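A structural walkthrough
These are the residues of each chain, in order.
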Amino acid sequence: MKIKILGNGGAINDGLPYNSFIINDGFLIESPPDIIGSIFREKIDPQKISAIFISHFHADHYFGLPFLFLRLFFEESGNSIIVIGPDGIENKVREICNIAFGANHPMQKWIGKHVIYKEIKNMQEIHVDSHYRLRPIEMFHFTETYGFILESDGDKVAYFADTYWKNSLLEYVEDVDTIIVDLNGEKTDKTKVHISENDLLKYALPKTKGSVRFYGTHLRDNKISENGRIQYLKFGDEIYI
Ligand SMILES: [Zn+2]
Ligand SMILES: [Zn+2]
């Protein structure tokens, strides 16, 4: 499994490309407003994107969908795209595309024909296509939000999208060594909205096996960790599992 980081910035950041990554150049995780810039900078062919996961309906995670679909419509792509997301995913995608380009734009027809929706329900596992199995994980955020464990040919990656730390997250990482995690929190935060490196040091690292590595994303600015098991991501980074 190849994971390529397209962006590492959170909703509020100092000029980073917004948080997004792509698995095996075809399964896109999150679609932030600047997704077109990120996929072209990292030399991803938009027509090879066959599935998209949206963790929740905040702008930094899905406002890029209209631009991506507009592009595919203009390229006359004949490929279908699976879009996975929380309750109401189909309505949310239609709504944002209508706001972006109007209900009468011919791209809406392309969307109607080519986009297949898979809604996350009752934490049930989703068979994305013949390659990927996605097990949703409940996150703790202002709105319904999911992370996942994604498995392909025995390789696994976990993603903790926008969330504060809760010890229940530990149960999901027993057999996963690679965890991409929202690490936007700081030790000094008065209200905990995001996980911080301090949370990992205090609650996660002592309880996880030595092979587990945490990759931090959704940042305010680029950061470096002094702990060998925590690595802050930068755009362009690649992780091979
Ligand atoms: Zn976010
Ligand atoms: Zn959010």
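Source: prediction; values computed, not measured. (Residues numbered from 1 in each chain as written. Chains lettered and ligands numbered in written order. Predicted model: local features only at pLDDT ≥ 70, side-chain atom pairs only at ≥ 80, totals over all residues. Heavy atoms only, no water.)

1. Some details on unusual backbone geometry
For the record, the criterion: Runs of H or I in DSSP of at least four residues are treated as helices and runs of E of at least two as strands, each being numbered from the N terminus. Each residue is placed in one exposure class: buried if its accessible area under a 1.4 Å probe, protein chains only, is under 20% of its type's maximum, exposed if it is over 50%, and partly exposed if it falls in between.
The phi angle at Lys 43 is positive, at roughly 60°, despite the residue not being glycine. Here Lys 43 lies in the loop between helix 1 (35-41) and strand 4 (51-53). The class for Lys 43 is exposed, based on a relative accessible area of 74%. Phi is positive for Glu 76, close to 55°, though the residue is something other than glycine. Along the chain, Glu 76 falls in the loop between helix 3 (65-74) and strand 5 (81-85).

2. Examining the coordination of the zinc ion (ligand 1)
Put simply, the rule reads: Nitrogen, oxygen and sulfur within 2.8 Å of a metal are treated as its donors, or within 3.2 Å for sodium, potassium and calcium (Na, K, Ca); water is not counted, so a site can appear incomplete. Geometry assignment treats four donors as tetrahedral when all angles are between 85 and 135 degrees, treats four as square planar and six as octahedral when opposite donors are over 155 degrees apart and all others between 65 and 115, and treats everything else as irregular.
In the first shell of the zinc ion (ligand 1), the protein supplies Asp 60 (OD), His 61 (NE2), Asp 162 (OD) and His 218 (NE2), at 2.1 to 2.2 Å from the metal. Seen from the zinc ion (ligand 1), its 4 donor atoms lie at angles of 91 to 168°, and the figure they make is irregular. A distance of 3.5 Å spans the gap from the zinc ion (ligand 1) to the zinc ion (ligand 2), which Asp 162 bridges by coordinating each metal. Both residues of the pair, Asp 60 and His 61, count as buried.

3. Remarks on the coordination of the zinc ion (ligand 2)
Tetrahedral coordination by four donors puts the ideal angle at the metal at 109.5 degrees, and octahedral coordination by six puts it at 90 or 180 degrees. Bound to the zinc ion (ligand 2) on the protein side are His 56 (NE2), His 58 (ND1), His 141 (NE2) and Asp 162 (OD), at distances that span 2.1 to 2.5 Å. Around the zinc ion (ligand 2) sit 4 donor atoms, and with donor-metal-donor angles ranging over 91 to 168° the site reads as irregular. Written as a sequence motif, the donor residues of the zinc ion (ligand 2) are H-x1-H-x82-H-x20-D.

4. A look at the nonpolar core
For the record, the criterion: For this analysis, a nonpolar core means a set of buried residues of the types Ala, Val, Leu, Ile, Met, Phe, Trp, Tyr and Cys, connected via side-chain atoms within 4.5 Å. Note on contacts: a residue pair qualifies if any of its non-hydrogen atoms lie within 4.5 Å across the two residues.
Within the largest apolar cluster, 51 residues are counted, with the highest numbers of intra-cluster contacts made by Ile 23, Phe 27, Phe 53 and Phe 160. If we ignore the near neighbours within four places in the chain, the residues touching Ile 23 are Met 1, Lys 2, Ile 3, Ile 29, Tyr 132, Leu 150 and Val 157. In this structure, Phe 57, Ile 81, Val 93 and Met 107 belong to the second largest nonpolar core, which totals 28 residues.

5. Section: the packing of aromatic side chains
What counts is decided by this rule: Classification of ring pairs uses Phe, Tyr and Trp, with its six-membered ring standing for Trp, and accepts pairs whose centres are within 6.5 Å; under 30 degrees between planes counts as stacked, over 60 as edge-to-face, and the remaining range as tilted.
Scanning the model with the defined rule gives 10 aromatic pairs in all. Pairing Phe 21 with Tyr 159 gives two aromatic rings, centres 5.1 Å apart and planes at 85°, and the pair type is edge-to-face. Placement of Phe 21 in strand 2 (residues 20-23) and of Tyr 159 in strand 10 (residues 155-160) is noted, with a sequence separation of 138 residues between them. Here Phe 21 and Tyr 159 have matching classes, each one buried.

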